[in-house]
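Results of the structural survey
One-letter residues, chain by chain:
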Protein chains: 2
Amino acid sequence: MENPEKPRGGRPRAFDPDAALDAAMHLFWEHGYEATSLAMLREAMGLTPPQIYNAFTDKETLFRKALTRYHETEIGFALEALSAPVSTPEAIRRLLMGAAEAYTRLGKPGGCLFVSGALAASPQAQAIADELRTYRKANEAAIAQRLAKGRAVGDLPETLCVEGFAKYLAGVMNGMSIQARDGASVDELRALAQTALAALPAEGQNQGA
Amino acid sequence: MENPEKPRGGRPRAFDPDAALDAAMHLFWEHGYEATSLAMLREAMGLTPPQIYNAFTDKETLFRKALTRYHETEIGFALEALSAPVSTPEAIRRLLMGAAEAYTRLGKPGGCLFVSGALAASPQAQAIADELRTYRKANEAAIAQRLAKGRAVGDLPETLCVEGFAKYLAGVMNGMSIQARDGASVDELRALAQTALAALPAEGQNQGA
DNA sequence: GATTTTCCATAGTGATCGATACGAAACCTG
DNA sequence: CAGGTTTCGTATCGATCACTATGGAAAATC
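Values in this document were obtained by computation on a predicted structure and should not be read as measured data.

Conventions we followed
- Here, residues in each chain are numbered from 1, in the same order as that chain's written sequence.
- Whichever chain is written first becomes A and whichever ligand is written first becomes 1, with later ones labelled in order.
- Side-chain atom pairs in this predicted model are given and counted only at pLDDT of 80 or more, local residue features only at pLDDT of at least 70, and totals for whole chains, interfaces and linings cover all residues.
- With hydrogens and water excluded, all non-hydrogen atoms of the structure serve as input to the side-chain values.
- Nearness is defined per residue: one heavy atom within 4 Å of the molecule or strand is enough.
- Whenever a nitrogen or oxygen atom comes within 3.5 Å of another N or O atom, the pair is scored as a polar contact, on the condition that within protein one atom can donate a hydrogen and the other can accept it, and that pairs from neighbouring residues in sequence are kept only if both atoms are in side chains.
- Strands here mean DSSP runs of E at least two residues long; helices mean DSSP runs of H or I at least four residues long; both are numbered from the N terminus.
- Note on contacts: a residue pair qualifies if any of its non-hydrogen atoms lie within 4.5 Å across the two residues.
- Joining two parts hides part of their accessible area as seen by a 1.4 Å probe, and the buried area is that hidden amount summed over both.
- Each salt bridge in this description consists of a side-chain nitrogen of Lys or Arg and a carboxyl oxygen of Asp or Glu lying within 4 Å of one another.
- Any residue that is not Ala, Val, Leu, Ile, Met, Phe, Trp, Tyr, Cys, Pro, Asp, Glu, Lys or Arg is counted as polar, Gly included; the first ten are nonpolar and the last four charged.

With that settled, the discussion passes to the protein's contact with DNA strand D. By nearness alone, 23 residues border DNA strand D, and Ala-14 and Pro-50 of chain A together with Leu-38, Tyr-53 and Lys-59 of chain B come closest of all. Taken together, the sugar and phosphate atoms account for 72% of what DNA strand D places within 4 Å of the protein. Here a phosphate oxygen of DNA strand D sits 3.5 Å away from a polar atom, N or O, in the side chain of Arg-13 of chain A. Thr-36 of chain B is positioned with one of its backbone polar atoms (N or O) 3.4 Å from a phosphate oxygen of DNA strand D. At the level of secondary structure, the elements contributing two or more residues to the surface near DNA strand D comprise α3 (49-56) of chain A together with α3 (49-56) of chain B.

This is the structure:
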């Protein structure tokens, strides 16, 4: 997604921007936006402040790029689950089970960056908190869209409130993120997801693919 | 719970410590521990720094006292629901519905302080994050205890995994806290809670009080 | 009323925050 | 090689952080 060709010559970079962004992402993921200081970023990224600012403008831009990278590299399970050619219950099952795994990966911080990044923030960082909320709302909206499609196809009862059930599922995912941060294992999160799936209305089985 | 009698005389306080603590609690609730600066506390509490430090030792102690106060004044619904002489499903219903209301009170920050206070933290504030996790775990343990009692009485099937289901319910509550912070209304949270209750195993009805 | 004790208000502590000025070094184009 | 451009490393910048030293004011104790 980035410019493959910079405009012109000059002294070349002495570091890999993607690797540096990756290190920053993990640090933000672990400690959140505001609690991650430039000194910590400097050490984790292996860069000097001018290198960071030259490549990423400022801390806020760096965080936003980390969010994009997180979305592209760590959260693929969500789009996969919701767009897979399977029944709606199966899609939801994949969504929650995918979250269970993504939130407890070895070598990664527990939970979801979109939740841990900045649930509460200082007035100065309100824009960051809003950005994260936008990501969470987008997830909920994507779920709602998949549910609406499922209801139209007959996977779900006509009486189901799509927005309400999407809010439930998004809430469960957010709750799983916190449980993961509190030390829950993959299996525990899978069991939680399985329990949550029991709330799915079971009527209106589909008769086609 | 505080000393009703201070050891000896001297100049009396010119402010109400409880009112000041209340203001601090709401600020921590809104912005979290680390993002709440002393300048903000100073303004919200209407006090000078020496007044704050004389009365509350330091920022960390102030936050811990705010946690205790929050637990005593804002979260009573949980203990009430879990200790009420009602069936286990009814107790769980009251727990989730109480959370829906407590997380969306007018004039109060959205969500739960135990979640918003410090989901992610800097290394220096790790102790605070751990303290909050302890509160969340205590909630989960209290739920598990109530479920175990319900299973023993016959309110729940023998096959139910008490710890797993408690983790589900605690996760739903945490998720509701985030949904509240994202702007969900009381009614939306009530609907979410109602959906979550559908995961309750329905067999094994109790035949006594 | 003198002493003691506590609190008040002003001002400022060192440390850390995010972000930069500066000049030398390294690449591309001529 | 010269000219232009970008990044490099070093050494900070002012602002804000949590916190406190100091000295006088106010109330209880003697």
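Close to DNA strand C lie 24 residues, the nearest being Leu-38, Tyr-53 and Lys-59 of chain A together with Arg-11 and Ala-14 of chain B. Sugar plus phosphate, as a fraction of atoms of DNA strand C within 4 Å of the protein: 76%. Here Lys-59 of chain A contributes a side-chain N or O atom positioned 2.9 Å from a phosphate oxygen of DNA strand C. For DNA strand C, a phosphate oxygen lies 3.3 Å from a polar atom in the side chain of Gln-51 of chain B. If you list the elements that add at least two residues to the surface near DNA strand C, you get α2 (38-45) and α3 of chain A together with α3 of chain B.

Now for the interface of chain B and chain A. Contact residues are listed per partner, giving 36 residues for chain B and 36 residues for chain A. Looking only at chain B, the three residues that lose the most surface to chain A are Leu-119, Lys-167 and Asp-182 of chain B, adding up to 20% of its buried area. If you look at where chain B meets chain A, you find two salt bridges. For the salt bridge of Arg-136 of chain B with Asp-182 of chain A, the shortest nitrogen-to-oxygen distance reads 2.7 Å. For the pair chain B and chain A, the interface holds 13 residue pairs in polar contact (both at pLDDT 80 or more). Broken down by secondary-structure element, the contributors of at least two residues to the side of chain B that touches chain A are α1 (17-31), α7 (113-116), α8 (126-153), α9 (162-181) and α10 (186-197) of chain B. Sorting elements by how many residues they give to the side of chain B that touches chain A places α9 of chain B first, with eleven residues. Grouping the constituent residues of the side of chain B that touches chain A by class yields 17 nonpolar, nine polar and ten charged.

No statement about biological role is implied by the geometric values presented.
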